[in-house]
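# Structural overview for review
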Amino acid sequence: MITVNENFLKLQAGYLFPEIGRRLRAFIAANPDADIIKMGIGDVTQPLAPSVIEAMHKAVDEMATKDTFRGYDDGGVGYEFLREAIRQHDYKVRGVDIELDEIFVSDGAKPDTANMQEIFGTDNIVAVADPVYPVYIDTNVMAGRTGCAREGGGYEGVIYMPCMEENGFVPALPTEPVDMIYLCYPNNPTGAVATKEQLKIWVDYAKENKAVILYDSAYEAFIRDETIPHSIYEVEGAKEVAIEFRSFSKTAGFTGIRCAYSIVPKALKAYKTDGAAVDVNPLWARRHCTKFNGVSYVTQRAAEAVYSEQGRAQVQQTIDLYMNNAMTVSQSLSDLGYTVYGGSNSPYIWLKTPNGMTSWEFFDHLLEKANIVGTPGSGFGSAGEGYFRLTAFAQPENVKMAMKRFASI
Ligand SMILES: *Cc1c(COP(=O)(O)O)cnc(C)c1O
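Residues numbered from 1 in each chain as written. Predicted model: local features only at pLDDT ≥ 70, side-chain atom pairs only at ≥ 80, totals over all residues. Heavy atoms only, no water.

Here we come to the domain arrangement of the protein chain. On domain assignment, one finds that the protein chain holds domain 1 (7–47 + 310–408) and domain 2 (53–308). Here the C-alpha centre of domain 2 lies 25 Å away from the C-alpha centre of domain 1. Taken together, the contact between domain 1 and domain 2 spans 35 residues of the former and 44 residues of the latter. Summing both partners gives a buried area of about 3200 Å² for domain 1 against domain 2, and 57% of it is carried by carbon and sulfur. Across the contact surface, domain 1 and domain 2 share two salt bridges. (Domains from an automatic or database assignment. Contact = heavy atoms within 4.5 Å. Buried area = accessible area lost by both parts, 1.4 Å probe. Salt bridge = Lys/Arg side-chain N within 4 Å of Asp/Glu carboxyl O.)

Taken in spatial order, the seven strands of this open sheet run β2-β8-β7-β6-β5-β3-β4, and their pairing is mixed. The sheet is open, and its two borders are formed by β2 (103–106) and β4 (159–162), each paired with just one other strand. The mean inter-strand angle of the sheet, taken between neighbouring strand axes irrespective of direction, is 20 degrees. Across four bridges, strand β6 (residues 212–216) lies against strand β7 (residues 242–247) in parallel orientation. (Pairing = 2+ DSSP bridges. Helix = DSSP H or I, 4+ residues; strand = E, 2+ residues; numbered from the N terminus. Axes fitted to C-alpha atoms, helices over the stretch in contact; angles between N-to-C directions.)

Axis angle and axis distance: for two packed helices, these are the angle between their axes and the distance between the axes, and together they describe the pair. Direction vectors running N to C along helix α2 (residues 16–30) and helix α12 (residues 359–370) enclose 35 degrees, while the axes themselves pass 11 Å from each other. Read as a crossing pair, α2 and α12 show a hand that is right-handed. Of α12, the residues touching α2 (which contributes L16, E19, I20, R23, L24 and F27) are W360, F363, D364, L367 and E368. When its residues are assigned to classes, the contact of α2 with α12 shows seven nonpolar, no polar and four charged. (Left-handed = near helix turned anticlockwise from the far one by under 90°. Nonpolar A, V, L, I, M, F, W, Y, C, P; charged D, E, K, R; others polar.)

This next bit is on the packing of helix α11 (residues 309–335) against helix α13 (residues 396–407). Interaxial distance between α11 and α13 falls to 10 Å at its minimum, and their mutual angle equals 5 degrees. Our classification of the angle between α11 and α13 gives roughly parallel. Every residue of α13 that contacts α11 at L321, N325, T328, V329, S332 and L333 is listed here: P396, V399, M403 and F406. Its residues assigned to classes, the contact of α11 with α13 comprises seven nonpolar, three polar and no charged. (Parallel < 35°, antiparallel > 145°, perpendicular 65-115°, else oblique.)

Each pair of aromatic rings is reported with the distance of its centres and the angle of its planes. Evaluation of the coordinates by the stated rule reveals 25 aromatic pairs. Measuring from centroid to centroid gives 5.2 Å for Y219 and Y348, while their planes differ by 70 degrees, and the two rings are edge-to-face. One end of the pair, Y219, is in the loop between β6 and β7; the other, Y348, is in strand β12 (residues 348–352), with 129 residues separating them in the sequence. You'll find Y219 and Y348 in the same group, each marked buried. Ring centres of Y338 and F406 lie 5.6 Å apart, and the angle between their planes is 85 degrees; on these two criteria the pair is classed as edge-to-face. In this pair, Y338 sits in the loop between α11 and β11 (340–342) while F406 sits in helix α13, placing the two residues 68 residues apart along the sequence. For the pair Y338 and F406, one class covers both residues: buried. Three or more aromatic residues joined by ring pairs form one cluster here, namely Y91, Y233, F248, F254, Y261 and Y307. Across the ring face of Y271, the terminal group of K210 is positioned such that the distance to the ring centre comes to 5.0 Å. (Phe/Tyr/Trp six-rings, centres within 6.5 Å; stacked < 30°, edge-to-face > 60°. Buried < 20%, exposed > 50% of the residue type's maximum accessible area, 1.4 Å probe, protein only. Lys NZ or Arg CZ within 6 Å of the ring centre and 35° of its normal.)

In total, this model carries 19 salt bridges according to the counting rule given. We note a salt bridge from K352 to E165, for which the minimum N-O separation is 2.9 Å. Of this pair, K352 sits in strand β12 while E165 sits in the loop between β4 and β5 (180–184), placing them 187 residues apart in sequence. According to the relative accessible area criterion, E165 is partly exposed, its value standing at 26%. Of the charged contacts in the structure, one is a salt bridge between R246 and E244, with a shortest N-O distance of 3.4 Å.

Inspection of the secondary structure puts L283 in helix α9 (residues 281–291). Taking C-alpha positions, L283 is 24 Å from D204, a pair spaced 79 residues apart along the chain. If near-sequence neighbours (up to four positions away) are discounted, L283 is found in contact with I119 and V278.

Okay, unusual backbone geometry next. A cis amide bond links D130 to the next residue, P131, at an omega of 5 degrees. Among the structural elements, P131 can be located in the loop between β3 (126–130) and α6 (135–142). Between N188 and P189 the backbone carries a cis peptide bond, its omega angle lying at 20 degrees. On the secondary structure map, P189 appears in the loop between β5 and α7 (196–209). Positive phi values are uncommon outside glycine, yet R258 reaches one of about 80 degrees. Locating R258 in the fold gives a position in the loop between α8 (248–252) and β8 (260–263). Residue classification places R258 among the partly exposed positions, given a relative accessible area of 31%. Positive phi is not limited to glycine here, since N355 has a value of about 55 degrees.

Here we take up the layout of surface pockets. Here the largest pocket defines a volume of roughly 1300 Å³. Lining the largest pocket are 47 residues, with V132, Y133, P134, V135 and F380 positioned closest to its centre. When residues of the lining of the largest pocket are traced back to their parent elements, those giving at least two are α2, α5 (109–115), α6 and α8. In terms of residue count, α6 provides more of the lining of the largest pocket than any other element does, six residues in total. A per-class count over the lining of the largest pocket returns 23 nonpolar, 15 polar and nine charged. Reported here for the second largest pocket is a volume of approximately 580 Å³. (1 Å grid on protein atoms, 1.4 Å probe; cavity = no way out; pocket = protein on both sides within 12 Å on 5 of 7 lines; lining within 4 Å. Points joined across faces, edges and corners; volume = space filled by probe spheres on them.)

Right under this line is the structure:
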């Protein structure tokens with residue numbers, strides 16, 4: 001008899017985006033002429049940089065010729081040309097030394113943040129921020145690292161760390177012992193950033209408690225404040241306790257192209273139940289090369305082009321466009337009397353719902369009165385109740401129009 005992995009049965013049904021879709025369809029059916037502005041989903045809207053397109057065309061041509069054709073990327077960890085560019089432009093320039101064999105190129109930070117847990121024991125205690133990017137939790141549910149779904153949201157056995165106005169949306173250290181700590185800065189959904197001092201508290205905690213930090217830095221390209229670290233490795237000692245996830249998705253509009261990477265430092269240790277220390281880097285190398293066979297050559301050339309002088313300038317232009325949108329939203333909403341967070345080092349604006357409305361009440365209100373779609377904060381966790389996420393991934397003229405409508409409701 002074939003049995004199922006019953007951990008999957010613990011998963012709560014994907015609620016947030018299906019429910020948004022359902023309410024939107026119902027609204028459109030009743031109001032077929034409404035001109036809807038979408039500021040809900042975290043996907044980019046601008047085309048790829050010309051340098052990236054050019055590199056892809058060239059790589060396609062190479063694949064068409066016997067002499068320059070490429071098959072498997074040896075080992076699937078990424079071509080050296082790309083890992084060298086990552087090492088130089090993402091780390092060396094910020095004073096961080098990363099070795100080539102600490103870089104694992106992949107098809108996404110979603111799969112990487114989802115898969116990394118496999119190399120750690122199933123009895124580890126998982127800590128996540130609340131609100132949170134749901135991938136970190138759901139993949140640990142599938143792996144059996146949690147109990148059942150709780151009434152009112154969340155899972156038994158997971159430590160939820162509330163991120164609120166009072167702590168600047170950076171969680172306090174947990175009071176009970178935890179082993180796997182997921183942090184994401186700049187944050188999705190709150191748009192908050194963590195300072196070096198705040199990250200150091202976490203690094204020190206992880207060292208003292210022999211925990212690992214899984215640091216999702218998918219939005220680092222949106223940081224404008226020069227004092228904010230782009231990498232957790234800018235904190236001294238972080239290589240002993242942290243894995244970092246990066247992606248070309250939001251940085252360079254690769255959500256449909258697919259390229260990302262993880263850094264698994266050689267200094268990082270995890271432990272056997274008898275207390276013996278084990279190197280984590282070779283475990284991930286084994287996992288990655290067993291279950292993954294590399295990112296396409298054309299895509300890796302595209303990613304490399306993001307680091308060329310022209311590529312960097314072009315990608316920056318697109319990020320500036322999104323960040324101008326974010327500024328427009330923050331400024332306009334503040335002027336209208338809303339309390340807004342995020343938006344200055346991140347493409348997300350996290351606003352407090354007015355008049356004590358719940359997140360879903362505000363969703364309906366905004367859709368009906370202004371024909372704008374956003375994301376209810378409560379969909380990311382119970383601490384998100386009373387908040388609402390707007391994204392800067394939109395056309396500037398739509399953002400301006402949306403702000404006019406906000407002013408009239
Ligand atoms: C968009 C996003 C990613 C990127 O995922 P990819 O699989 O690389 O497209 C990672 N983490 C967070 C929190 C995100 O919002």
